[in-house]
Amino acid sequence: MTSNHSLEFDSIIVGAGFAGLYQLLRLRRAGFSARVIEAGDNVGGTWYWNRYPGARCDIESLQYQYGFDPDLAREWRWTERYATQPEILRYIEFVADRYDLRRDIQFSTRVTAAHYDDASARWTVHTDRGDAFTCRWLIMATGCLSVPKTPEVPGIDAFEGESYHTGAWPHDGVDFTGKRVAVIGTGSSAIQSIPIIARQAEHLTVFQRTPNFSVPAHNSLLDESQWQEVAARIAELRAEARTTSAGILGIPLNDVSALAVSEEERRREFERRWAIGGFAIGGAFNDIAINLDANETAAEFVRSKIREIVNDPETAEALCPRDYPFGTKRLCVDISYYETFNRPNVKLVSIRDNPIAEITPKGLRLQDGTEYEFDAIVYATGFDAMTGALLRIDIRGRNGLALRDKWEHGPRTYLGLQVAGFPNMFTITGPGSPSVLSNMIVSIEQHVDWVTDCLEYLRERDLAVIEAAPAAEDAWVDHVNQVADLTLYPRANSWYIGANVPGKPRVFMPYIGGVGLYAQKCAEVAANGYEGFLLS
Ligand code: FAD
């Protein structure tokens, strides 16, 4: 064991979001020394960085919380059906204090490189502060959506007004009162922030390349009995969530084809689920994700809702997604998004066929020469998802193999947990695991539990190295691709396949086989002595 001030640890964890914090707690309790390195100056990850107006969870708060400790669940009271970013951040800070986690976290420090040494079977981890830590186990809890992506248009630095990225929002907030504001992008973050910015700004122009499907949250306050009931059964509920397809409870699948029922019945089912709100609509029929005709019925239902809500027919049509199947880009959950386009101070500009040519000192210019002037530009342009944070670090495995080279044509992992050629390195919610297609707290806990159990297993047997076998990795990558190809998901130019980052390989990154099947597979692998991994 090593002391806290040492440069040598059993494990280094990169990132202090939900994943890094729980991993630290588990390793500490298991008697491993651990240090967390975090770029931000406090805990929270996603909920530390994304402070834009309207930021909130779109999984219900009673499910988007840790499930490992019933006492914790009893001590924390969520106030709304969908928690706001400030409330989630307060929760994470509460967790950090409650388990005294901060003493093992080094903040305001970015990991720049991590190199594996064959002879010692240890990693050396370098930071932007000049540290060089060594560890046996390197655990990347760097997040799937932690590298904000700005659009590749010239002139961004030339803009003389204020500019913001939703994923790196100023901590003391932004007041748009009396300002002419542009929001670029119409993904989840845009859809959450637009209604709030519209209420503040003098005028808001929304630049949309691709319309997204959005469903109402129907947010509400939680009453005492709701959270108490969950708190009392948290362990049982979490275990159950791990057997579902998305790690979410309470969305029963209507096990019927959308094409096997009459139009009235179909509409009734969609309406019922629209009224429930959130992701309920996803379970309306059993073939929406796999059959294009069935999918089109859901797509057309949402389009009909957009037309009902938005007064101006031209704006309504422009907001209707058409060229990818429903749900194959991340479904957005909103509070009054479409309604916002009925405000006199809000204008939608489609840049699909007339893209932004340049950000100018005063605003921006479209390809056809139209110029706009703004006081502030908000980039709601998403993230270099899933691989971004890992590939920004110079990670080198056995024989100096660079992860950037290994993943030149897209990420390759075994179970989304390890990469062949990179012994003793684990990726929490890595590509090839359900990750972003799930309630991520459920997936994070499942991964952290698996990794901790694995390290205990190795310690008991005096083993120093675990590495994904190349054949197991190949088979898993094939499986991930095959399952994705059974669905409509690869048909969308989404960030799931890296389409939002020019030059990024087009590979469907998350595992779509479902949290339940996936967790079962991970458990079997462990029960069979870590089948598919090489131990020494
Ligand atoms: P993160 O919270 O991203 O934390 C990773 C941390 O690693 C960050 O703090 C980062 O600074 C740090 N880091 C990265 N690289 C380095 C480095 N080189 N050196 C040092 N530190 C580094 N998921 C859901 O399930 N439901 C939701 O409703 C939902 N809503 C979301 C809304 C938004 C706006 C965003 C961006 C994401 C949302 N997510 C949601 C996904 C969310 O990211 C996860 O739920 C969860 O918070 C991820 O936790 P994490 O610890 O894995 O990663």
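As shown above, the structure is provided for reference.
Within each chain, residues carry numbers counting from 1 in the order of the written sequence. Residues qualify for local features only when their pLDDT is at least 70, as the model is predicted, and side-chain atom pairs are given and counted only at 80 or more; totals for whole chains, interfaces and linings, by contrast, use all residues. Side-chain descriptors were evaluated using all non-hydrogen atoms of the structure, hydrogens and water having been removed beforehand.

Turning our eyes to something else, we now look at the packing of helix α14 (residues 440-460) against helix α16 (residues 515-527). Only the stretch in contact is used when a helix axis is fitted, and all axes are lines through C-alpha atoms; the angle between N-to-C directions ranges over 0 to 180 degrees. Numbering of helices and strands runs from the N terminus, with a helix taken as a DSSP run of H or I at least four residues long and a strand as a DSSP run of E at least two residues long. One can describe the packing of α14 onto α16 by two numbers: an axis separation of 11 Å at closest approach and a directional angle of 0°. With respect to their mutual orientation, α14 and α16 come out roughly parallel. The residues of α16 that touch α14, namely those facing Val 442, Ser 443, Gln 446, His 447 and Trp 450, are Val 515, Tyr 518, Ala 519, Cys 522, Val 525 and Ala 526. The residue classification treats Ala, Val, Leu, Ile, Met, Phe, Trp, Tyr, Cys and Pro as nonpolar and Asp, Glu, Lys and Arg as charged. All others, Gly included, are polar. In terms of residue class, the contact of α14 with α16 is built from eight nonpolar, three polar and no charged. In what follows, roughly perpendicular refers to angles from 65 to 115 degrees, roughly parallel to angles under 35, roughly antiparallel to angles over 145, and oblique to any angle outside these ranges. In what follows, a contact means two residues having at least one pair of non-hydrogen atoms within 4.5 Å.

Let us now look at the pairing of strand β2 (residues 34-37). Three exposure classes are used, based on accessible area relative to the maximum for each residue type with a 1.4 Å probe and protein chains only: buried under 20%, partly exposed in between, and exposed over 50%. Going residue by residue along β2, you find Ala 34 and Val 36 tucked away on one face and Arg 35 and Ile 37 tucked away on the opposite face as well. By the convention used here, strands pair only if DSSP detects at least 2 bridges between them. Strand direction decides the pairing type here: strand β1 (residues 8-14) and β2, joined by four bridges, are parallel. Its bridge partner being in β2, Ile 13 is matched across the sheet by Val 36. Between the parallel elements β1 and β2, the chain passes through helix α1 (residues 18-29) in a crossover that is right-handed. With two bridges connecting them, β2 and strand β3 (residues 105-106) associate as parallel partners. When the bridges of β3 are listed, Val 36 appears paired with Ile 105. By convention a crossover is right-handed if, when the strands point away from the viewer, the path from the first strand over the helix to the second runs clockwise.

The rule is short: rings of Phe, Tyr and Trp, with Trp giving its six-membered ring, pair when the centres are within 6.5 Å, and they are stacked under 30 degrees, edge-to-face over 60, tilted in between. This model, assessed by the stated rule, comprises 40 aromatic pairs. Measuring from ring centre to ring centre gives 5.4 Å for Trp 76 and Tyr 91, while their planes differ by 65°; the resulting arrangement is edge-to-face. Of this pair, Trp 76 sits in the loop between α3 (70-75) and α4 (85-98) while Tyr 91 sits in helix α4, placing them 15 residues apart in sequence. Judged by its relative accessible area of 0%, Tyr 91 is buried. With a centroid separation of 5.3 Å and an interplanar angle of 75°, the aromatic rings of Trp 450 and Tyr 530 are classed as edge-to-face. Linking Trp 450 in helix α14 with Tyr 530 in the loop between α16 and β20 (533-535), this pair joins segments that are 80 residues apart in sequence. Judged on exposure class, the residue Trp 450 and its partner Tyr 530 are both buried.

We call a residue near a molecule or strand when any one of its heavy atoms sits within 4 Å of it. Around the ligand lies a shell of 32 residues, among which Glu 38, Thr 46, Asp 58, Tyr 64 and Met 440 are the nearest. One of the side-chain N or O atoms of Glu 38 is found 2.7 Å from an oxygen atom in the ligand. The definition of a polar contact used here is a pair of N or O atoms within 3.5 Å, where within protein one atom must be able to donate a hydrogen and the other to accept one, and adjacent residues in sequence count solely through side-chain atom pairs. Contact between the ligand and Met 440: an oxygen atom at 2.8 Å from a main-chain N or O atom of the residue. In isolation the ligand offers 970 Å² of accessible surface; the protein chains occlude 96% of this area. By residue number, the principal contributor to the shell around the ligand is helix α2 (residues 46-49), which donates three residues. Accessible surface is estimated by sampling points in the Shrake-Rupley manner with a 1.4 Å probe; for residues, cover comes only from the protein chains shown.

In this section: α1. Expected helix span is taken as 1.5 Å per residue step, with the number of steps being one fewer than the number of residues. If you check α1, its first and last C-alpha atoms are 17 Å apart, about what 12 residues at 1.5 Å a residue would give, namely 16 Å. Most of α1 sits out of view: nine of its 12 residues are buried. All buried positions along α1 are accounted for by Phe 18, Ala 19, Gly 20, Leu 21, Tyr 22, Gln 23, Leu 24, Leu 25 and Leu 27. Gly 31, located one to two residues past α1, shows a positive phi value of around 90°.

With that out of the way, let us pick up unusual backbone geometry. Phi angles above zero are rare outside glycine, and Asp 100 is one such case at about 50°. With respect to the secondary-structure elements, Asp 100 resides in the loop between α4 and β3. Of note, the phi angle at Tyr 530 is positive, near 60°, even though the residue is not glycine. For Tyr 530, a relative accessible area of 4% corresponds to the buried category.

By salt bridge we mean one thing: a side-chain nitrogen of Lys or Arg within 4 Å of a carboxyl oxygen of Asp or Glu. Evaluation of the coordinates by the stated rule reveals 44 salt bridges. With its nearest N and O atoms 3.9 Å apart, the salt bridge here joins Glu 456 to Arg 459. In this pair, Glu 456 and Arg 459 are both assigned in helix α14, three residues apart and thus about one turn of the helix distant. Of the residues examined, Glu 456 reaches a relative accessible area of 24% and is grouped as partly exposed. Connected through shared salt-bridge partners, Glu 296, Glu 300, Arg 303, Arg 307, Glu 317 and Arg 322 make up one network.

Buriedness for pockets is judged along seven lines, at least five of which must meet protein on both sides within 12 Å for an open set on the 1 Å grid over protein atoms alone, while cavities are sets there where a 1.4 Å probe fits but cannot get out, and lining residues have an atom within 4 Å of a point. Grid points are joined across faces, edges and corners, and a volume is the space filled by probe spheres set on the points. Space inside the second largest pocket adds up to approximately 1100 Å³. What lines the second largest pocket is a set of 34 residues, among which Ser 245, Ala 246, Gly 282, Ala 289 and Tyr 489 lie closest to the centre.

Once that is clear, we can look at the side chain of Thr 205. As for its position among the elements, Thr 205 is in strand β9 (residues 203-208). Given a relative accessible area of 3%, Thr 205 falls into the buried group. The contact partners of Thr 205, leaving out residues within four places of it in the chain, are Val 181, Ala 182, Val 183, Lys 347, Val 349, Tyr 372 and Phe 374.

Our next topic: the environment of Thr 381. Summarising the element assignment, Thr 381 is placed in the loop between β16 (376-379) and α12 (388-391). As for Thr 381 and Lys 149, which are separated by 232 residues in sequence, their C-alpha atoms are 6.0 Å apart. In this structure the side chain of Thr 381 is engaged in a polar contact, spanning 2.5 Å, whose partner is the backbone oxygen of Lys 149.

The next point concerns the sheet that holds strand β15 (residues 371-373). With antiparallel pairing, the three strands of this open sheet are ordered in space as β13-β14-β15. Looking at which strands have only one partner, the edges of the open sheet turn out to be β13 (356-359) and β15. Mean inter-strand twist for the sheet, computed between neighbouring axes without regard to direction, equals 20°. Two elements, β13 and strand β14 (residues 363-366), share three bridges in a ladder whose sense is antiparallel. Among the inter-strand pairings, Ile 359 is bridged to a residue of β14, identified as Leu 364.

From the geometry alone we can't say anything about function, so treat these as descriptive.
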